[in-house]
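Residue strings, one per chain:
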Amino acid sequence: MVVSLRGQTLPDLAWRRLGEYLHETRLLGSIQNTLYWDQNTSMPVGSSEWRAEQLSLLARNLHARQSSGYFEELIKEAKIEFQQASQLGDLDFAEIDDRARNLELLEQDLTRQKRLDPDLVSILATAKAHGYHLWKQARASSDYQCFAPALRHLIGLRQEQARQLSEARTIWETLAQPFEPDLSIERLKELFEPLRKSLPELIENVRSWKRPDSYKWDLDAKSQRLLCDQLLQEWSRDRNITCVAESPHPFSITLGPKDFRLTTRVVSGQPFSCFLATAHEWGHSLYEQGLPIQSHQWFSWPLGQATSMGVHESQSLFWENRVARSRPFSERFWSSFAQEGAPVQCGEDLWQALNPLTPGCNRVEADELSYGLHILIRTDLEIELLEGGLDVEALPIEWNRRYKDLLGVTPPNDSEGCLQDVHWSEGQFGYFPSYLLGHLISAQLSEAMADSLRDSGILEEDPIDFCIGQGNEFSLLSWLREKVHLHGRKMNAEELVEKVTGLPLSSSAFLNYLKKKLELLNITF
């Protein structure tokens, strides 16, 4: 509320006008997301050209709204009104902080949008749609040359985008900002170098184990889908606001304040692929459902959005790895797998099978130990593609060489090599590090969660495992809702981690978690 010169209380007119404008912008964005969902789940292949035009038109209109003089004026008016209301004492401290941060983020986003040429925005949207279409074809036939020209085009467009944004960052850093605000290559090196050294050493230690090679079995697609449905039911899925489908690459997406979608996939010869992908994407969806979106209008403000993709990935990885790959979860779920034909006779069998610890070529199917190396390879390669002069034609060779050097495996073809991920086909350069940052964040948050659970009276050696064993994942989700989800974009990822855990983000908690788990797996196999 604001007060007029006559002393009468008036509504927040400028703030409301700004909110209505943001609401309409978010509606357009949700239409764009709906088309993306359809493109990935059910759109016929022949529709790709028309879909590219649709997405290009929407992108141009969204950019126009997000960079217009009218939008800029709305922000200025809301800022003046906010300052007056703050001085008059009409807002409490929390409202002042929230509104100030919303305005700061809106101004920041506006500045970025104003620097971009509308033609580039439109061309990028078309190129992303074409890139995705060609990637699907190339991946299906393992024909990298079919996709290479589209990749080269996308790299050039993203380089131009970074030049237009003209920030005091490198090209890759500029493109990474929407995913991971304030991240630099230098900081990334500080966080990842201990992993680059320690993970290969841990993998080499595991190679010496005499582990039985008895986990080569499969489940039919129907059984895998039934197990996924059971998983989501146990994790309190609300079918009134969620939808599950299948796509070539699993993902989660929010179409509205009460419309949360996720996809999974069934992979032949990988009986846990669908199950773990569902757990992972449901973790993303739980985070989205927990963001501060108290009303349709608040859903449209920056504070109603995710802190960063690293935090987003930390939530999905928590549910996939800390919960679904845990021993107590296997003790609860093994009989369900056995009923569907899995050759497991106890929880220990399922737990060992869920944690194979065998380096492979596929990132999505990777175990916790080798997963980080998949991300290091991708991060290094995309920085070299954007900044280091790596030629697109050389990508498959360079990809395979690094896999051989870091993981000791060589992809048999490009579908299982450099074509396995969808990200570059959509121009998402700068996203991959968020996966590994998510591992670090998840581990550090888990340590803080365990301490809080002990303080609440759960005095077991591992309070998180105790809750999982009791089927009490609700306590874990409640902690995440209270400590992590409610903040939205109030701060960046590292600030959030330090606020919740009291420590700067590092790789220590993740490496400690891995070492402890390896010790338990080695003792019990």
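Everything below is about the structure printed above this text.
These figures come from a predicted structure and were not determined experimentally. (Residues numbered from 1 in each chain as written. Predicted model: local features only at pLDDT ≥ 70, side-chain atom pairs only at ≥ 80, totals over all residues. Heavy atoms only, no water.)

### Details of the overall build of the protein chain
A count of helical and extended segments in the protein chain gives 20 helices and five strands. In summary, the protein chain has a C-alpha radius of gyration of 24 Å against a globular reference of 24 Å for 525 residues, a match within 12%. Principal-axis analysis of the C-alpha atoms places the extent of the protein chain at approximately 80 × 60 × 40 Å. The burial tally for the protein chain puts 55% of its 525 residues in the buried class. Partitioning the intrachain contacts of the protein chain with sequence separation of at least 6 by distance along the chain shows that 74% fall at a separation of at least 24. Accessible surface, the protein chain: about 22,500 Å² in total, of which carbon and sulfur atoms supply 51%. Within the protein chain, one finds 54 positive and 75 negative side-chain charges whose respective centroids are separated by 1 Å. (Helix = DSSP H or I, 4+ residues; strand = E, 2+ residues; numbered from the N terminus. Rg over C-alpha atoms; globule rule 2.2 N^0.38 Å. Buried < 20%, exposed > 50% of the residue type's maximum accessible area, 1.4 Å probe, protein only. Contact = heavy atoms within 4.5 Å. Areas by Shrake-Rupley, 256 points an atom, 1.4 Å probe, with all protein chains shown as cover. Lys, Arg positive; Asp, Glu negative; His and termini not counted. Charge placed at Lys NZ, Arg CZ, Asp CG, Glu CD.)

### Digging into the nonpolar core
The biggest cluster of nonpolar side chains holds 117 residues, and the ones touching the most others in it are Phe337 and Leu476. Looking at which element gives the most residues to this core, the answer is helix α16 (residues 433-455), with eleven residues. One finds Leu74, Ile75, Leu103 and Trp298 within the second-largest nonpolar core, a separate group that totals 18 residues. (Core = buried A, V, L, I, M, F, W, Y, C linked by side-chain atoms within 4.5 Å.)

### Quick notes on empty space enclosed by the protein
Tallied over the entire structure, the rule returns two cavities of 30 Å³ or more. The computed volume of the largest cavity comes to approximately 70 Å³. As for the largest cavity, its lining consists of Asn355, Leu357, Asp367, Glu368, Leu369, Leu514, Lys517, Leu518 and Leu521. Where the lining of the largest cavity is concerned, the elements lending two or more residues are α14 (368-388) and α20 (508-524). Ranked by the residues each element gives to the lining of the largest cavity, the list is headed by α20, at four residues. Partitioned by chemical class, the residues of the lining of the largest cavity number five nonpolar, one polar and three charged. Roughly 30 Å³ of internal volume is contained in the second largest cavity. Lining the second largest cavity are Arg378, Trp399, Cys418, Asp421, His423, Trp424 and Phe432. The residue inventory of the lining of the second largest cavity, partitioned by class, reads four nonpolar, one polar and two charged. (1 Å grid on protein atoms, 1.4 Å probe; cavity = no way out; pocket = protein on both sides within 12 Å on 5 of 7 lines; lining within 4 Å. Points joined across faces, edges and corners; volume = space filled by probe spheres on them. Nonpolar A, V, L, I, M, F, W, Y, C, P; charged D, E, K, R; others polar.)

### Some remarks on the environment of Ile171
Position of Ile171 relative to the elements: it lies in helix α7 (residues 171-176). Of the residues examined, Ile171 reaches a relative accessible area of 23% and is grouped as partly exposed. Spatially, the C-alpha atom of Ile171 lies 8.6 Å from that of Ile383, the residues being 212 residues apart in sequence. Among residues more than four places away in sequence, those in contact with Ile171 are Gln159, Ala162, Leu386 and Glu387.

### Quick word on the side chain of Glu173
In this fold, Glu173 is placed in helix α7. Comment: no salt bridge for buried Glu173; closest opposite-charge side chain is Arg169, at 5.5 Å. Within the structure, Glu173 has its side chain in polar contact with the backbone nitrogen of Thr170 (distance 3.0 Å). Not counting the four nearest positions on each side in its chain, Glu173 is found in contact with Leu183, Ser184, Ile185, Glu186 and Glu387. (Salt bridge = Lys/Arg side-chain N within 4 Å of Asp/Glu carboxyl O. Polar contact = N/O pair within 3.5 Å; in protein donor to acceptor, adjacent residues only side chain to side chain.)

### A look at the packing of helix α1 (residues 13-41) against helix α3 (residues 69-88)
Between α1 and α3, whose axes approach to 8 Å, the crossing angle comes to 145 degrees. In this structure, the crossing between α1 and α3 has a hand that is left-handed. Here α1 contributes Leu13, Ala14, Trp15, Arg17, Leu18, Tyr21 and Leu22 to the contact with α3, which in turn contributes Tyr70, Phe71, Leu74, Ile75, Glu77, Ala78 and Glu81. Within the contact of α1 with α3, the residues separate by chemical class into eleven nonpolar, no polar and three charged. (Axes fitted to C-alpha atoms, helices over the stretch in contact; angles between N-to-C directions. Left-handed = near helix turned anticlockwise from the far one by under 90°.)

### A look at the sheet that holds strand β3 (residues 242-246)
Strand order in the open sheet formed by three strands is β3-β5-β4, and the pairing between neighbours is mixed. Two strands close off the open sheet at either side, each with one partner strand: β3 and β4 (252-256). In this sheet, neighbouring strand axes are inclined to one another by 25 degrees on average, regardless of whether the strands run parallel or antiparallel. With four bridges connecting them, β4 and strand β5 (residues 259-264) associate as antiparallel partners. Bridging across to β5, Ile253 finds its partner in Arg261. The sheet strands contacting helix α10 (residues 273-290) are β3, β4 and β5, and the helix crosses β5 at an angle near 160 degrees. (Pairing = 2+ DSSP bridges.)

### Here's the deal with the environment of Val323
With respect to the element layout, Val323 can be found in helix α11 (residues 309-323). Residue Val323 is classed as buried on the basis of its relative accessible area of 0%. On a C-alpha basis, the gap between Val323 and Cys467 in space is 9.8 Å, while along the polypeptide they are 144 residues apart.

### Thoughts on the layout of surface pockets
Approximately 1,100 Å³ is the volume found for the second largest pocket. Along its surface, the second largest pocket is lined by 40 residues, and Gly269, Gln270, Pro356, Thr358 and Glu365 are the ones closest to its centre. Contributing elements (two or more residues each) for the lining of the second largest pocket: α8 (185-207), α10, α13 (347-354) and α14. Counting residues per element, the lining of the second largest pocket draws most heavily on α10, which supplies three residues. Partitioned by chemical class, the residues of the lining of the second largest pocket number 19 nonpolar, ten polar and eleven charged.

### Re the packing of aromatic side chains
Applying the stated criterion across every chain yields a total of 24 aromatic pairs. Centre to centre, the rings of Phe179 and Tyr431 are 5.3 Å apart; their planes meet at 70 degrees, and the pair counts as edge-to-face. Of this pair, Phe179 sits in the loop between α7 and α8 while Tyr431 is found in the loop between α15 (395-407) and α16, placing the two residues 252 residues apart along the sequence. An angle of 55 degrees between the planes, with centres 5.5 Å apart, marks the rings of Phe272 and Phe337 as tilted. Of this pair, Phe272 sits in the loop between β5 and α10 while Phe337 sits in helix α12 (residues 327-339), and the two are 65 residues apart along the sequence. Classification of Phe272 as buried rests on a relative accessible area of 9%. Take Phe337: its relative accessible area is 0%, and that puts it in the buried class. Ring-pair connections join several aromatic residues into one group, and the members of that group are Phe179, Tyr371, Trp399, Tyr403, Trp424, Phe429, Tyr431, Phe432 and Tyr435. In this structure, Arg261 is placed above the aromatic ring of Trp37, and the distance from its NZ or CZ to the ring centre is 5.2 Å. The ring centre of Tyr435 lies 4.4 Å from the NZ or CZ of Arg363, which sits over that ring. (Phe/Tyr/Trp six-rings, centres within 6.5 Å; stacked < 30°, edge-to-face > 60°. Lys NZ or Arg CZ within 6 Å of the ring centre and 35° of its normal.)

On their own, these measurements won't tell you what the molecule is for.
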